[in-house]
Amino acid sequence: MFIINSRGYILNNSLIMKDGNYTFDETKVMANPDNIKIKEGNSKVKIDHNSMKVKDDDGKIKERGDTYKEKTDSTKIKVTDDKLKVKNK
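All figures in this text were calculated on a predicted structure; none of them were measured in a lab. (Residues numbered from 1 in each chain as written. Predicted model: local features only at pLDDT ≥ 70, side-chain atom pairs only at ≥ 80, totals over all residues. Heavy atoms only, no water.)

The next thing to look at is the sheet that holds strand E9 (residues 67–72). A sheet is described by the order of its strands in space; here 7 strands give the open sequence E5-E6-E7-E8-E9-E10-E11, paired in antiparallel fashion. The open sheet has two edge strands, strand E5 (36–40) and strand E11 (83–88), and neither has a second partner. Each neighbouring strand pair of the sheet contributes to a mean axis angle of 5°, computed without reference to strand direction. Pairing analysis gives 6 bridges linking strand E10 (residues 75–80) to E11, with the strands arranged antiparallel. (Pairing = 2+ DSSP bridges. Helix = DSSP H or I, 4+ residues; strand = E, 2+ residues; numbered from the N terminus. Axes fitted to C-alpha atoms, helices over the stretch in contact; angles between N-to-C directions.)

Right under this line is the structure:
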């Protein structure tokens with residue numbers, strides 16, 4: 001999940017609690033980055049200008065241009081333009 005403010009700034013990893021109040025560490029705020037990599041526990045998110053990859057314990061999601069792929073322990077899904085393929089294991 002991304003925390004994005006109204007100006008498009010990505011606030012992940014910059015939210016801190018200080019004296020019982022939430023504030024932002026300005027050095028960790030990303031302003032419209034070209035490449036984003038976030039690792040938290042067993043989850044990984046990678047986003048660049050035309051693709052996205054998400055990987056966690058439940059499966060993988062890949063998106064590039066007009067292609068979307070999702071893979072779990074039981075299912076594979078692929079969407080390309082107006083075609084949908086689903087395979088159950």
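The subject of this paragraph is the environment of Asp 73. Here Asp 73 shows up in the loop between E9 and E10. Taking relative accessible area as the criterion, Asp 73 reaches 68% and is therefore assigned exposed. In this structure the C-alpha to C-alpha distance between Asp 73 and Asp 58, which are 15 residues apart in sequence, comes to 7.4 Å. Sequence-distant contacts of Asp 73, defined by excluding residues within four places in its chain, comprise Asp 58 and Lys 89. (Buried < 20%, exposed > 50% of the residue type's maximum accessible area, 1.4 Å probe, protein only. Contact = heavy atoms within 4.5 Å.)

This paragraph deals with unusual backbone geometry. Despite not being glycine, Asp 19 has its phi angle at roughly 55°, a positive value. When its relative accessible area of 73% is taken as the criterion, Asp 19 is described as exposed. Within the chain, Asp 81 stands out as a residue other than glycine whose phi angle is a positive 50°.

What follows concerns the layout of surface pockets. In this structure, the largest pocket encloses a volume near 280 Å³. Forming the walls of the largest pocket are Lys 60, Lys 62, Lys 69, Glu 70, Lys 71, Lys 76, Ile 77, Lys 78, Lys 85 and Lys 87. For the lining of the largest pocket, the elements supplying multiple residues, two or more each, are strand E8 (59–64), E9, E10 and E11. Among the residues forming the lining of the largest pocket, the class breakdown is 1 nonpolar, no polar and 9 charged. (1 Å grid on protein atoms, 1.4 Å probe; cavity = no way out; pocket = protein on both sides within 12 Å on 5 of 7 lines; lining within 4 Å. Points joined across faces, edges and corners; volume = space filled by probe spheres on them. Nonpolar A, V, L, I, M, F, W, Y, C, P; charged D, E, K, R; others polar.)

Everything listed is a geometric property; what it means functionally is a separate question.
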